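# A structural walkthrough
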Amino acid sequence: MLDAEVRELMQPFVLSDYQVQEVYSRFCLEVARGLKRSTHPQANVKCFPTYVQDLPTGDEMGKYLALDLGGTNFRVLLVSLKGHHDATVDSQIYAVPKDLMVGPGVELFDHIAGCLAKFVEKHDMKTAYLPLGFTFSFPCVQLGLKEGLLVRWTKGFDCAGVEGEDVGRLLHEAIQRRGDADIAVVAILNDTTGTLMSCAHRNADCRVGVIVGTGCNACYVEDVENVDLLRADFKKTKRSVIVNAEWGAFGEGGQLDFVRTEYDREVDEKSINRAEQLFEKMTAGMYLGNLVRLVLLRALERKLIFKQSSRRPEFAGVLQRNEDVFETRYISEIEDDTFPEFASTRKIVRNLFGLEKASVEDCQTLRYICECVAKRAATLVAIGVSGLVNRTSNRRVIVGMDGSVYRYHPKFDAYMRQTLQKLVKADKEWDIMLSEDGSGRGAALVAAVASKSK
């Protein structure tokens, strides 16, 4: 049985129906403000147009490169599209060394171009013309399909000389400096757009793409009439365009203050981008483990966990020394565990604290803490998804999802569905599908569609 005091400790993470409804209303208002030219500068949810207007038909053919940069690794992919919704993918993962994440931007792009050249050589494609789709998963203002200005670095990156610059051009110049491969950057996209495209390749009703991984963001298909920010000379020949919501910044205007906890405030205070990306800090893998760590510290202090152990101060020390010590993947492993054995949970506790056998009660308490943090994240993501689904003009809407948190957490999907059922309009039919490699295959599809529409 769970202690009533543990429930009380976690109460701030449990969103009431009123709070859910209120966050939903505030989010929808923010999206509307982001789309409108007059209110866009003040809006937190920027709703940048991506200039991607055609969804894949499934008949695309040819070989395309994709480059996916969105975290501490990046991937290069060679995607062979074969028509009939079919594709084969060869890929390679490369590391971004820590010093390059915060060094000069030129060095980062030179490193990427070097890895691209190696990859192309390995696949005997040095002489082939290769269109490339560049998945760049940071907030960008798109000026066209292949021009995107970085608004701000997130996720631990801080390379000088890139913010405000066209990342498509920076990559193009780095490739030119080497001059050893015929690669053309034909599209820049966000990983959410890639997710939407790769799901639409398999299911034509996909209209929303969501990532819940290291970071958290979404995009959706909007009627061009509602998108004020499209360039004046941009021909509105098509009815719709994919909009990159950049919803991670939701709450920067105080909209989430009424549901943020003391733990959220502490995570934000100690982050490298204080007062920014507040919605992301409540939903994304980069922060969820840290939230659990802070709650655990409070639980230890109040003697709500490991009550039988005299080593509680020592455990608190472990948690205080390193804010990354409680990894987000532990949340998934603990929630996936079986009662009363709790084999995974006990192993995590043993590795963290050297405690040989945590009691069943301790394991249940730890599981409840993880569950409350994860369920709140899933509820918030579902609130945003509901707002986007309700904006699309289709009656039937598939939501394409990806990211490590969504993919590996055993209940994230179920938690999301509970909230979607409450908020999506009754006249909509909806479902969620797991994307197959959105940022890779999706980027190649954008490159293919871009090459086709030329």
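Parameters at a glance
- Residues numbered from 1 in each chain as written.
- Predicted model: local features only at pLDDT ≥ 70, side-chain atom pairs only at ≥ 80, totals over all residues.
- Heavy atoms only, no water.
- Pairing = 2+ DSSP bridges.
- Helix = DSSP H or I, 4+ residues; strand = E, 2+ residues; numbered from the N terminus.
- Axes fitted to C-alpha atoms, helices over the stretch in contact; angles between N-to-C directions.
- UniProt positions renumbered as here; feature names shortened; annotations may be inferred.
- Buried < 20%, exposed > 50% of the residue type's maximum accessible area, 1.4 Å probe, protein only.
- 1 Å grid on protein atoms, 1.4 Å probe; cavity = no way out; pocket = protein on both sides within 12 Å on 5 of 7 lines; lining within 4 Å.
- Points joined across faces, edges and corners; volume = space filled by probe spheres on them.
- Nonpolar A, V, L, I, M, F, W, Y, C, P; charged D, E, K, R; others polar.
- Polar contact = N/O pair within 3.5 Å; in protein donor to acceptor, adjacent residues only side chain to side chain.
- Core = buried A, V, L, I, M, F, W, Y, C linked by side-chain atoms within 4.5 Å.
- Contact = heavy atoms within 4.5 Å.

## Considering the sheet that holds strand β8 (residues 183–189)
Strands sit in the order β4-β3-β2-β5-β8 across an open sheet of five strands; the sheet is mixed. Edge positions in the sheet fall to β4 (87–95) and β8, since each of these pairs with one other strand and no more. Across the sheet, the axes of successive neighbouring strands diverge by a mean angle of 20 degrees, strand direction being ignored. By the bridge criterion, five bridges tie strand β2 (residues 61–69) to strand β5 (residues 130–136) in an arrangement that is parallel.

## Some details on the UniProt feature "domain: Hexokinase N-terminal" (unreviewed entry) in the chain
Feature annotation in UniProt places "domain: Hexokinase N-terminal" (unreviewed entry) on residues 5–200, given in this structure's numbering. Taken end to end, residues 5–200 is 35% helix and 27% strand, and its first and last C-alpha atoms sit 47 Å apart.

## A word on the pairing of strand β3 (residues 73–82)
Judged by how many residues are buried, β3 sits mostly within the fold: eight of ten residues are covered. Pairing geometry for β2 and β3, over nine bridges, is antiparallel. Across the sheet, the residue bridging to alanine 66 is leucine 77, located in β3. Hairpin geometry of β2 and β3 is characterised by an intervening segment of three residues between the two adjacent antiparallel strands. Here β3 hands over to β4 after four residues, with glycine 83 in that stretch at a positive phi of 70 degrees.

## Examining the layout of surface pockets
Reported here for the second largest pocket is a volume of approximately 460 Å³. At four residues, the largest contribution of residues to the lining of the second largest pocket is made by helix α16 (residues 438–453). Here the residues of the lining of the second largest pocket are counted per class, giving nine nonpolar, four polar and seven charged.

## Description of the side chain of threonine 328
By secondary structure assignment, the location of threonine 328 is in helix α11 (residues 328–335). The buried category is assigned to threonine 328, whose relative accessible area is 19%. At a separation of 2.5 Å, a polar atom in the side chain of threonine 328 contacts the main-chain carbonyl oxygen of glycine 285. For threonine 328, the side chain forms a polar contact with the main-chain nitrogen of glycine 289, separated by 3.0 Å.

## A short note on the nonpolar core
Judged by nonpolar contacts, the single largest core of 96 residues is most densely connected at Val210, Trp247, Phe326 and Met416. Contact partners of phenylalanine 326, with chain neighbours within four places excluded, come to Gly289, Asn290, Val292, Arg293, Leu296, Ile331, Ile334, Leu352, Leu366 and Cys370. Ranked by size, the runner-up nonpolar core spans 39 residues in total, among them Leu78, Leu108, Val185 and Ile188.

## Looking at unusual backbone geometry
The step from phenylalanine 339 to proline 340 runs through a cis peptide bond, and the omega angle for that step is -5 degrees. With respect to the element layout, proline 340 can be found in the loop between α11 and α12 (343–353). Look at histidine 85: it is not a glycine, yet its phi comes out positive at around 60 degrees. Along the chain, histidine 85 falls in the loop between β3 and β4. Although it is not a glycine, phenylalanine 342 adopts a positive phi angle of roughly 50 degrees.

## What to know about empty space enclosed by the protein
Tallied over the full model, the rule gives three cavities of 30 Å³ or more. The volume enclosed by the largest cavity comes to roughly 70 Å³. As for the largest cavity, its lining consists of Thr50, Val52, Phe136, Phe138, Cys140, Gln142, Ile188, Leu189, Asn190, Thr193 and Asn244. Of all the secondary structure elements, the ones that give two or more residues to the lining of the largest cavity are β6 (140–144) and β8. Grouping the constituent residues of the lining of the largest cavity by class yields six nonpolar, five polar and no charged.

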